[in-house]
Amino acid sequence: MRVSNLFKTYRKSINPPYSYRDILVIFFTLLILILIPLTAYAILKVRGLPGEAASPASISLSPANQTVNHNTNFTVEIRENSDTELVNAVQANLTYDVAKLDFVSIDASSSAFNLQFENTGGNGSVKIARSSTTDLTGNQLVAKVTFKAKVDPATTAINFGTGTALVRSTDQANILSVSNGGTYTIVDPAPTVTITSPANNQIVSGTVTVAATASDDVAVTKVEFLVDNVIKATDTSSPYSFSLNTTSLTNTTHTVTAKAYDANSSKSTSITISVDNQAPSAPIGLSATPASGTQINLSWTTSTDNIGVTGYDVYRNNVKIKTVTGTSYNDTGLNGGTSYSYYVRAVDGQGNVSSASNTATATTLIKGDVNQDGKVDIFDASILASKWGTNDPAADLNGNGVVDIFDASILASNWGG
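It should be emphasised that the depicted structure is a prediction, and the values quoted were computed from it without experimental measurement. (Residues numbered from 1 in each chain as written. Predicted model: local features only at pLDDT ≥ 70, side-chain atom pairs only at ≥ 80, totals over all residues. Heavy atoms only, no water.)

Trainee: Please explain the overall build of the chain as it appears in this structure.
Mentor: The number of helices and strands found in the chain is four helices and 27 strands. Classification of the 417 residues of the chain by burial places 35% in the buried group. Within the chain, counting contacts between residues at least 6 apart in sequence, those at least 24 apart form 65% of the total. (Helix = DSSP H or I, 4+ residues; strand = E, 2+ residues; numbered from the N terminus. Buried < 20%, exposed > 50% of the residue type's maximum accessible area, 1.4 Å probe, protein only. Contact = heavy atoms within 4.5 Å.)

This is the structure we're talking about:
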């Protein structure tokens, strides 16, 4: 029954007091009145409320802002966004500054638009026309365009020009409302620089060569060398180096820096060195003791150094004969009955040498003087005889490991000496 008929039939009977039937009529009437606008609102929400338009169709570059190095390539994406509108064709016309950018290439291999009609670039213009055999909505890739940034640092724009369009598939209307290009900052990359010598944390002394390598996309104009932030030298050609006299520095750590320049920028790198020009303390307490007719034994006290002693140079009669790591040395192969003079110098890892120790002098024993009383006589012969066949070093005059006839010959040759 229609609502109007309900009102006609019961318009007199719905006045109070109400019957059970009156209440039912009133309830269902109100329910219908409420459901009608709710249903209409739901339908409009699905179709779009009046005045609630889709987002404006747009075409844009991504990224819209970017910093790029000159003389390098960079790529931007052309993207369209039709929101809920169905589209199937796009024309993207770009303009750019040929003084700042070069066109390189167009890549449409991942484009949502599978048909190509125009694909050109150069002389300040890029033109791309593509369509799709299926209707598209939302944000879609049109193509990727690669440019090369030119030498001069600058800021430049890539814009969409006249003729750019986004075509709705239902009526072939151009629905493009917004086009957003991009702004790109071209910079001059700083040079690269590396210190190749000395090594980081190396201990140095005396005069050392500080060397560096440097490179740039155009040209390195110079390399400055600094020690503790003070410029010590400038080199304008490769290989870049200078000689550092470390004796002018304190015996501690220092920062060495190489700073490379090109026409517009610079880059630096640093290492730490430890300077050691301090010599060890002189050895003291050197003693020299004859051990046999051919050997003198030396010993001395340990020297000190700010970093560490690595060895000792032993001198005999003012000539260096040996470098040892300990604090003793047995000088062998000497002439019997001969005096020798010795001194010792300490050395550290950087080649710093101490002053000389005290001088010690000793005279080797006469060969055959087994009892070391200063002469070869019957007493020495008696001792040699008692040691016959043994390896006693005091009686083994020739040092062949056994007391034998050859030792007896030596004793006889020096008899009375």
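Right, picking up where we left off after that structure.
Trainee: So what exactly am I meant to see when it comes to the environment of Gln116 here?
Mentor: With respect to the element layout, Gln116 can be found in strand S6 (residues 115-122). Assessed through its relative accessible area of 47%, Gln116 is described here as partly exposed. Here the alpha-carbon distance between Gln116 and Ser132, two residues 16 residues apart in the chain, equals 9.0 Å. At 2.9 Å, the side chain of Gln116 forms a polar contact with the side chain of Arg130. (Polar contact = N/O pair within 3.5 Å; in protein donor to acceptor, adjacent residues only side chain to side chain.)

Trainee: Sorry, what's going on with a nonpolar patch on the surface here?
Mentor: There is a patch of nonpolar side chains on the surface, built from Ile378, Phe379 and Trp415 and spanning about 370 Å² of accessible area. Positionally, Trp415 belongs in the segment after helix H4 (405-413). (Patch = residues over 30% accessible without salt bridge, like charges linked within 9 Å, V, L, I, M, F, W, Y side chains within 5 Å. Areas by Shrake-Rupley, 256 points an atom, 1.4 Å probe, with all protein chains shown as cover. Salt bridge = Lys/Arg side-chain N within 4 Å of Asp/Glu carboxyl O.)

Trainee: I tried to follow the pairing of strand S4 (residues 87-95) on my own but got confused; where do I start?
Mentor: It is a general feature of regular strands that their side chains alternate between the two faces of the sheet. The buried fraction of S4 is high, at eight of nine residues. Where S4 and strand S7 (residues 125-136) come together, eight bridges link them in antiparallel fashion. Bridge assignment links Asn93 to a residue of S7, and that residue is Lys127. (Pairing = 2+ DSSP bridges.)

Trainee: For this particular structure, what's the right way to read the layout of surface pockets?
Mentor: Sizing a probe to match a water molecule and rolling it over the atoms shows the empty space that remains. If you add up the space inside the largest pocket, you get close to 240 Å³. What lines the largest pocket is a set of 18 residues, and nearest its centre among them are Ser292, Gly293, Pro393, Asp396 and Leu397. Among the residues forming the lining of the largest pocket, the class breakdown is seven nonpolar, eight polar and three charged. (1 Å grid on protein atoms, 1.4 Å probe; cavity = no way out; pocket = protein on both sides within 12 Å on 5 of 7 lines; lining within 4 Å. Points joined across faces, edges and corners; volume = space filled by probe spheres on them. Nonpolar A, V, L, I, M, F, W, Y, C, P; charged D, E, K, R; others polar.)

Trainee: Is there a simple way to explain the pairing of strand S8 (residues 139-149) in this structure?
Mentor: The pairing of strand S3 (residues 73-81) with S8 spans nine bridges and is antiparallel. The partner of Val76 across the bridge, within S8, is Val145. By the bridge criterion, six bridges tie strand S5 (residues 101-107) to S8 in an arrangement that is antiparallel. In the sheet register, Ser105 faces S8, and the bridge partner there is Thr146.

Trainee: I would appreciate a short explanation of unusual backbone geometry in the present structure.
Mentor: Negative phi is the rule for most residues except glycine; trans is the rule for most peptide bonds. Following Ser62, the chain continues into Pro63 via a peptide bond in cis, with omega recorded as 0 degrees. Within the secondary structure, Pro63 sits in the loop between strand S1 (57-62) and strand S2 (65-69). Across the junction of Ser238 and Pro239, the peptide omega takes the value 0 degrees, indicating a cis bond. One non-glycine residue, Asn71, lies in the positive phi region at around 65 degrees.

Taken by themselves, the reported measurements are silent on function.
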